[in-house]
Amino acid sequence: MAGLATEDAVEAQTKGALHLYAWFLLRGTFVWAVSTGVLRLLPSAWVDRPAWTLLITGAVSGAGLVIATLLFLRKIEARHRLSALVSFVAPQMLLDAGVTVGFVHVLPNFPPSHAPLFGAFVLWCYAVMLLTAVVATRPKG
(Lines give C-alpha, C1' and ligand atoms only; values in the text may rest on other atoms or scores of the structure.)
Protein backbone atom coordinates (compact mmCIF):
# COMPACT_ATOMS: atom_id res chain seq x y z
CA MET A 1 0.00 0.00 0.00
CA ALA A 2 2.92 2.37 0.52
CA GLY A 3 3.49 2.43 -3.22
CA LEU A 4 0.00 3.78 -3.82
CA ALA A 5 1.20 7.27 -2.99
CA THR A 6 3.43 7.51 -6.03
CA GLU A 7 2.26 5.04 -8.64
CA ASP A 8 0.20 5.81 -11.69
CA ALA A 9 -3.41 4.67 -12.16
CA VAL A 10 -2.43 2.48 -15.10
CA GLU A 11 0.27 0.82 -13.01
CA ALA A 12 -2.26 0.18 -10.22
CA GLN A 13 -4.62 -1.30 -12.81
CA THR A 14 -2.01 -3.81 -13.96
CA LYS A 15 -1.63 -5.04 -10.37
CA GLY A 16 -5.30 -5.98 -10.19
CA ALA A 17 -8.76 -4.60 -9.57
CA LEU A 18 -8.50 -4.51 -5.77
CA HIS A 19 -5.26 -2.55 -5.98
CA LEU A 20 -6.84 -0.16 -8.50
CA TYR A 21 -9.87 0.48 -6.29
CA ALA A 22 -7.63 1.08 -3.26
CA TRP A 23 -5.66 3.56 -5.37
CA PHE A 24 -8.86 5.48 -6.19
CA LEU A 25 -10.10 5.28 -2.60
CA LEU A 26 -6.90 6.92 -1.36
CA ARG A 27 -7.08 9.59 -4.07
CA GLY A 28 -10.70 10.31 -3.20
CA THR A 29 -9.81 10.72 0.46
CA PHE A 30 -6.98 13.09 -0.49
CA VAL A 31 -9.25 15.21 -2.73
CA TRP A 32 -11.82 15.39 0.09
CA ALA A 33 -9.15 16.49 2.61
CA VAL A 34 -7.83 19.22 0.32
CA SER A 35 -11.34 20.47 -0.56
CA THR A 36 -12.41 20.54 3.07
CA GLY A 37 -9.18 22.28 4.05
CA VAL A 38 -9.75 24.98 1.43
CA LEU A 39 -13.33 25.50 2.65
CA ARG A 40 -12.11 25.66 6.25
CA LEU A 41 -9.56 28.36 5.45
CA LEU A 42 -11.97 30.68 3.61
CA PRO A 43 -12.67 33.98 5.36
CA SER A 44 -16.09 34.19 7.03
CA ALA A 45 -16.99 37.26 4.97
CA TRP A 46 -16.86 35.13 1.81
CA VAL A 47 -19.42 32.61 3.00
CA ASP A 48 -22.00 34.74 4.80
CA ARG A 49 -24.71 34.30 2.14
CA PRO A 50 -26.30 31.01 1.01
CA ALA A 51 -25.54 31.73 -2.66
CA TRP A 52 -21.84 32.14 -1.88
CA THR A 53 -21.87 28.93 0.13
CA LEU A 54 -23.19 27.05 -2.91
CA LEU A 55 -20.85 28.75 -5.34
CA ILE A 56 -17.70 28.26 -3.27
CA THR A 57 -18.54 24.69 -2.24
CA GLY A 58 -19.33 23.81 -5.84
CA ALA A 59 -16.19 25.42 -7.21
CA VAL A 60 -13.86 23.78 -4.71
CA SER A 61 -15.48 20.34 -4.80
CA GLY A 62 -16.20 20.39 -8.51
CA ALA A 63 -12.70 21.41 -9.52
CA GLY A 64 -11.12 18.57 -7.55
CA LEU A 65 -13.58 15.98 -8.80
CA VAL A 66 -13.41 17.02 -12.44
CA ILE A 67 -9.62 17.18 -12.50
CA ALA A 68 -9.25 13.82 -10.79
CA THR A 69 -11.83 12.22 -13.05
CA LEU A 70 -10.21 13.55 -16.21
CA LEU A 71 -6.67 12.71 -15.18
CA PHE A 72 -7.24 9.28 -13.68
CA LEU A 73 -10.28 7.68 -15.30
CA ARG A 74 -9.36 8.21 -18.93
CA LYS A 75 -6.45 5.77 -18.50
CA ILE A 76 -8.58 3.02 -16.94
CA GLU A 77 -10.09 0.16 -18.90
CA ALA A 78 -13.80 0.70 -19.57
CA ARG A 79 -14.81 -2.33 -17.47
CA HIS A 80 -13.18 -0.80 -14.36
CA ARG A 81 -14.25 2.84 -14.75
CA LEU A 82 -17.54 2.78 -12.89
CA SER A 83 -16.16 0.79 -9.94
CA ALA A 84 -13.07 3.01 -9.83
CA LEU A 85 -15.21 6.14 -9.74
CA VAL A 86 -17.40 4.68 -6.98
CA SER A 87 -14.20 3.90 -5.06
CA PHE A 88 -13.12 7.50 -5.59
CA VAL A 89 -16.44 9.06 -4.49
CA ALA A 90 -17.48 6.72 -1.64
CA PRO A 91 -15.01 7.96 0.99
CA GLN A 92 -15.81 11.55 0.09
CA MET A 93 -19.54 10.97 0.55
CA LEU A 94 -18.97 9.29 3.90
CA LEU A 95 -16.59 12.00 5.12
CA ASP A 96 -18.88 14.81 3.92
CA ALA A 97 -21.73 13.22 5.88
CA GLY A 98 -19.51 13.63 8.95
CA VAL A 99 -18.75 17.23 8.00
CA THR A 100 -22.47 17.96 7.73
CA VAL A 101 -23.13 16.44 11.17
CA GLY A 102 -20.25 18.33 12.78
CA PHE A 103 -20.60 21.37 10.53
CA VAL A 104 -20.11 24.05 13.21
CA HIS A 105 -16.90 22.37 14.41
CA VAL A 106 -15.40 21.44 11.04
CA LEU A 107 -16.35 24.62 9.16
CA PRO A 108 -16.75 27.32 11.85
CA ASN A 109 -16.21 30.04 9.23
CA PHE A 110 -19.62 29.16 7.69
CA PRO A 111 -22.84 30.26 9.37
CA PRO A 112 -24.40 27.27 11.24
CA SER A 113 -27.63 27.77 9.30
CA HIS A 114 -25.79 26.74 6.12
CA ALA A 115 -25.23 23.14 7.28
CA PRO A 116 -28.35 21.69 5.60
CA LEU A 117 -27.57 23.61 2.42
CA PHE A 118 -23.99 22.34 2.41
CA GLY A 119 -25.07 18.74 3.03
CA ALA A 120 -27.73 18.82 0.34
CA PHE A 121 -25.44 20.43 -2.19
CA VAL A 122 -22.49 18.05 -1.80
CA LEU A 123 -24.88 15.08 -1.92
CA TRP A 124 -26.38 16.46 -5.12
CA CYS A 125 -22.88 16.94 -6.62
CA TYR A 126 -21.94 13.32 -5.89
CA ALA A 127 -25.24 12.07 -7.30
CA VAL A 128 -24.67 13.99 -10.53
CA MET A 129 -21.12 12.68 -10.76
CA LEU A 130 -22.19 9.06 -10.22
CA LEU A 131 -25.11 9.36 -12.63
CA THR A 132 -22.76 10.81 -15.25
CA ALA A 133 -20.40 7.88 -14.67
CA VAL A 134 -23.22 5.37 -15.15
CA VAL A 135 -24.29 7.02 -18.40
CA ALA A 136 -20.71 7.42 -19.66
CA THR A 137 -19.71 3.82 -18.91
CA ARG A 138 -22.80 2.03 -20.22
CA PRO A 139 -22.14 -0.34 -23.09
CA LYS A 140 -22.52 1.22 -26.52
CA GLY A 141 -24.61 -0.54 -29.02
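What you see is a predicted model; the values in this text were computed from it and never measured.

**Q** Would you mind showing me how to read the overall build of the protein here?
**A** Of the regular secondary structure elements, the protein holds six helices and zero strands. Listing each helix as α and each strand as β along the protein from the N terminus yields α-α-α-α-α-α. Relative to its 141 residues, the protein shows a buried fraction of 37%. Here the analysis covers contacts within the protein between residues at least 6 apart in sequence; of these, 66% occur between residues at least 24 apart. Roughly 7900 Å² of accessible area belongs to the protein as shown, and the carbon and sulfur atoms make up 74% of that amount.

**Q** What am I meant to see in the nonpolar core here?
**A** The nonpolar side chains of a soluble globular protein tend to be buried, and buried together. One finds Phe-24, Leu-39, Phe-88, Leu-107 and Phe-118 to be the most contacted residues of the largest nonpolar core, which totals 26 residues. Counting only elements with at least two residues in this core, the list comes to helix 1 (9-14), helix 2 (17-41), helix 4 (78-101) and helix 6 (115-137). Apart from the residues lying within four places of it in its own chain, the contact partners of Phe-118 are Leu-39, Thr-57, Asp-96, Val-99, Thr-100, Phe-103 and Leu-107.

**Q** Help me out: how do you make sense of the packing of aromatic side chains in this one?
**A** For any pair of aromatic rings, the description rests on two quantities: the centre-to-centre distance and the angle between the ring planes. As enumerated under the stated definition, the model contains five aromatic pairs in all. Both rings, one in Phe-103 and one in Phe-118, keep their centres 5.5 Å apart while their planes meet at 50 degrees; by these two values the pair is tilted. With Phe-103 in helix 5 (residues 103-106) and Phe-118 in helix 6, this residue pair connects regions lying 15 residues apart in the sequence. Taken individually, Phe-103 and Phe-118 each receive the classification buried, so the pair is uniform in this respect.

**Q** Sorry, what's going on with the side chain of Asn-109 here?
**A** Its place among the elements puts Asn-109 in the loop between helix 5 and helix 6. You can call Asn-109 buried: its relative accessible area is 7%. There is a polar contact of 2.8 Å between the side chain of Asn-109 and the backbone oxygen of Leu-39. Residues in contact with Asn-109, not counting those within four places in the same chain, are Leu-39, Arg-40, Leu-41, Leu-42, Ser-44 and Val-47.

**Q** It is not clear to me how a nonpolar patch on the surface should be interpreted in this structure. Could you clarify?
**A** On the surface, a cluster of nonpolar side chains totalling about 270 Å² of accessible area is made up of Phe-30, Val-34 and Val-38. Inspection of the secondary structure assignment puts Val-38 in helix 2. According to the relative accessible area criterion, Val-38 is partly exposed, its value standing at 36%.

How each quantity is defined
Residues numbered from 1 in each chain as written. Predicted model: local features only at pLDDT ≥ 70, side-chain atom pairs only at ≥ 80, totals over all residues. Heavy atoms only, no water. Helix = DSSP H or I, 4+ residues; strand = E, 2+ residues; numbered from the N terminus. Buried < 20%, exposed > 50% of the residue type's maximum accessible area, 1.4 Å probe, protein only. Contact = heavy atoms within 4.5 Å. Areas by Shrake-Rupley, 256 points an atom, 1.4 Å probe, with all protein chains shown as cover. Core = buried A, V, L, I, M, F, W, Y, C linked by side-chain atoms within 4.5 Å. Phe/Tyr/Trp six-rings, centres within 6.5 Å; stacked < 30°, edge-to-face > 60°. Polar contact = N/O pair within 3.5 Å; in protein donor to acceptor, adjacent residues only side chain to side chain. Patch = residues over 30% accessible without salt bridge, like charges linked within 9 Å, V, L, I, M, F, W, Y side chains within 5 Å. Salt bridge = Lys/Arg side-chain N within 4 Å of Asp/Glu carboxyl O.

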